[in-house]
Amino acid sequence: MHKDIYVEKSLMKAQWVIPDVPLDAVEKLARQHDLPEVVARMLLARGIDTSDLEAFLKPTLAKQFPDPFAMKDMGVMAEFIAGAIASGRKIAIFGDFDVDGATSSAILYRFLKACGQDAPIYIPDRLSEGYGPNILALEKLKAEGAEVVMVLDCGTTAYDVIQAGRDMGLDIVILDHHEAEDKLAAANFVINPKRKDDTSGYDMLAACGVVFLVCVAINKTLRDVEFYKQNGINEPDLRLFLDLVALGTVCDMVPLRGPNRLFVKQGFAMMAATGNEGLQALIEVSKITGEITPYHAGFVLGPRINAGSRVHEADLGARLLSGKAGADALIDIAWSLNDCNDQRKAIQVEMERHALRQVEEKGLDQDAVIIVSDESYHPGLSGLVAGRLKEKYGKPACVITFAKGEQGQMEGRGSGRSVPGVHIAQGFIDARNADLIIKGGGHAMAGGFTVAPDKLGDFTRFMNDHVQRQMADGQAHVQTEIDGVVTVQGANAALVRLLNESVGPFGQEHP
């Protein structure tokens, strides 16, 4: 553990924190690996394992690829799905409406397609259906002939819906990465590295990473039983899916460590020359030229894929990336997503203005967690506006919109964004267990929930108390961690290239 040094606050009132790294250790690492001292200091300050630095700087699929079967129940699940594929049982895909859900759905669809299955993809409408699986969707898939439904990027805590699906005769497999409780939904299998009994250490994965490893496991199982040979099918090259894994991983803002670092580094290397026609169409429509970086994923491609579910058709992103349409249709979908993104921007600007005015007029910036709501808010933009409030005030923030539920009743649908030190999804989970909200969950830094309007006041007080207890003194500490200091002369092009090519890619938990 390094001792932190605190220095003056920045203009944005964030306290600068510089780890106190021993100079002799920096000099030794720099000599051993022929690195500039500022890079050696960065690696040590961030706690990078320098015993195998090559694995960090230059991870390869051959040496650093994770073992899919390390995840709980992966082996038996792979045998189950391989058996379903071999026997021709109809498999359907239910995916979330964000980028992680779209990439997850596209990866699984392309894999099943290579195995001879043309699986339907169901993406719920963000505005009318909300997050997670719902009974009407499962009934629709069953009516269309589905026997097995694979639920992606959601479902771990959808207890009643999954039970209803099983009761109607469906086999259900959940592939997720959201926070799990001691109790799991009653699916045939739940593959989720955040399960309490999962010891794989892959809890950093996005759903697209989980789905990719699931495809690897099923692929091996099919190969072992000679499925491809017996059916005259060419075994799919799963490496070609890494561009989608990289895209979903960056856009879902999961930590860029462990397998994620390998997936993102390899995936972006192949993205400029991607063979995915839908992704290529979106790159062209977005006017990206040259090398594609995590910046393009997070701020150019991702927002466009998300925009479909925010203001138009929820399944546009999955349809684009899965290649379920012809080349001309894919270009049309890419342009539709681009137009949706323009609409989203205009709506978001007005919604942010209203939310900021509400905070200032009601003094909500004095609360431990900022919670705003209004019937005029667009349900598809609550997460983006919550992120804006979090950035401005340096505190966790929730934005609640209102829509009719499955039974026609009005309900509040909220999105929350958090700061380091506050696990916002745990607050939602605890609020659900206290019967203050209908459903809720997510990650430490982001999550969603549904609340009855008459419980909104109690929920607000509960969350403020929950966050205060998490932060001990009720104040979120906004800090900027600094790896080191370099002179203007020292920050040359060669150093920037070294940082990007070796120490990068950068993102969540590796800024």
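Check the entry above for the structure.
Residues numbered from 1 in each chain as written. Predicted model: local features only at pLDDT ≥ 70, side-chain atom pairs only at ≥ 80, totals over all residues. Heavy atoms only, no water.

**Q** Would you take a moment to explain the side chain of Ser382 for this structure?
**A** As for its placement among the helices and strands, Ser382 is situated in helix 17 (residues 382-393). With sequence-adjacent residues up to four places away left out, Ser382 is seen in contact with Met351, Val399, Thr401 and Ser415. (Helix = DSSP H or I, 4+ residues; strand = E, 2+ residues; numbered from the N terminus. Contact = heavy atoms within 4.5 Å.)

**Q** Looking at this model, I keep getting lost on the sheet that holds strand 6 (residues 171-175). Mind explaining?
**A** Two pairing modes exist for strands in a sheet, parallel and antiparallel, and in both the strands are linked by backbone hydrogen bonds. In spatial order, the strands read 4-3-5-6-7; together these five strands make up an open sheet with parallel pairing. Sheet topology places strand 4 (121-122) and strand 7 (189-191) at the edges, where each strand pairs with a single neighbour. Sheet topology places strand 3 (residues 91-95) next to strand 5 (residues 148-152); five bridges connect them, and they run parallel. In the sheet register, Ala92 faces strand 5, and the bridge partner there is Val149. This element, helix 9 (residues 207-224), spans strand 5, strand 6 and strand 7 of the sheet and lies at about 120° to strand 6. (Pairing = 2+ DSSP bridges. Axes fitted to C-alpha atoms, helices over the stretch in contact; angles between N-to-C directions.)

**Q** Explain the nonpolar core here, please?
**A** One broad trend across soluble globular proteins is that nonpolar side chains are buried collectively. Ranked by internal contacts, the top residues of the largest apolar core, which has 83 residues, are Ile85, Phe111, Ile218 and Leu247. Take this core: its biggest share by element is eleven residues, from helix 9. Excluding residues that lie within four positions of it along the chain, Leu247 makes contacts with Val99, Thr103, Met271, Leu279, Ala297, Leu301, Ile305 and Leu321. (Core = buried A, V, L, I, M, F, W, Y, C linked by side-chain atoms within 4.5 Å. Buried < 20%, exposed > 50% of the residue type's maximum accessible area, 1.4 Å probe, protein only.)

**Q** What exactly am I supposed to notice about the pattern of salt bridges here?
**A** Two side chains bearing opposite charge may form a pair once their charged atoms approach each other closely. Tallied over the entire structure, the rule returns 20 salt bridges. Between Arg89 and Glu147 there is a salt bridge; the shortest N-O distance is 3.6 Å. Of this pair, Arg89 sits in the loop between helix 5 (74-86) and strand 3 while Glu147 sits in the loop between helix 7 (135-143) and strand 5, and the two are 58 residues apart along the sequence. Residue classification places Glu147 among the partly exposed residues on the basis of a relative accessible area of 33%. Here Glu181 ties to Arg432 by a salt bridge, and the two come within 2.0 Å at their closest N and O atoms. One end of the pair, Glu181, is in the loop between strand 6 and strand 7; the other, Arg432, is in helix 18 (residues 424-433), and 251 residues separate them in sequence. Among the residues examined, Arg432 registers a relative accessible area of 12% and is labelled buried. Among the ionic contacts, a cluster of salt bridges with common partners joins Asp73, Arg195 and Asp197. (Salt bridge = Lys/Arg side-chain N within 4 Å of Asp/Glu carboxyl O.)

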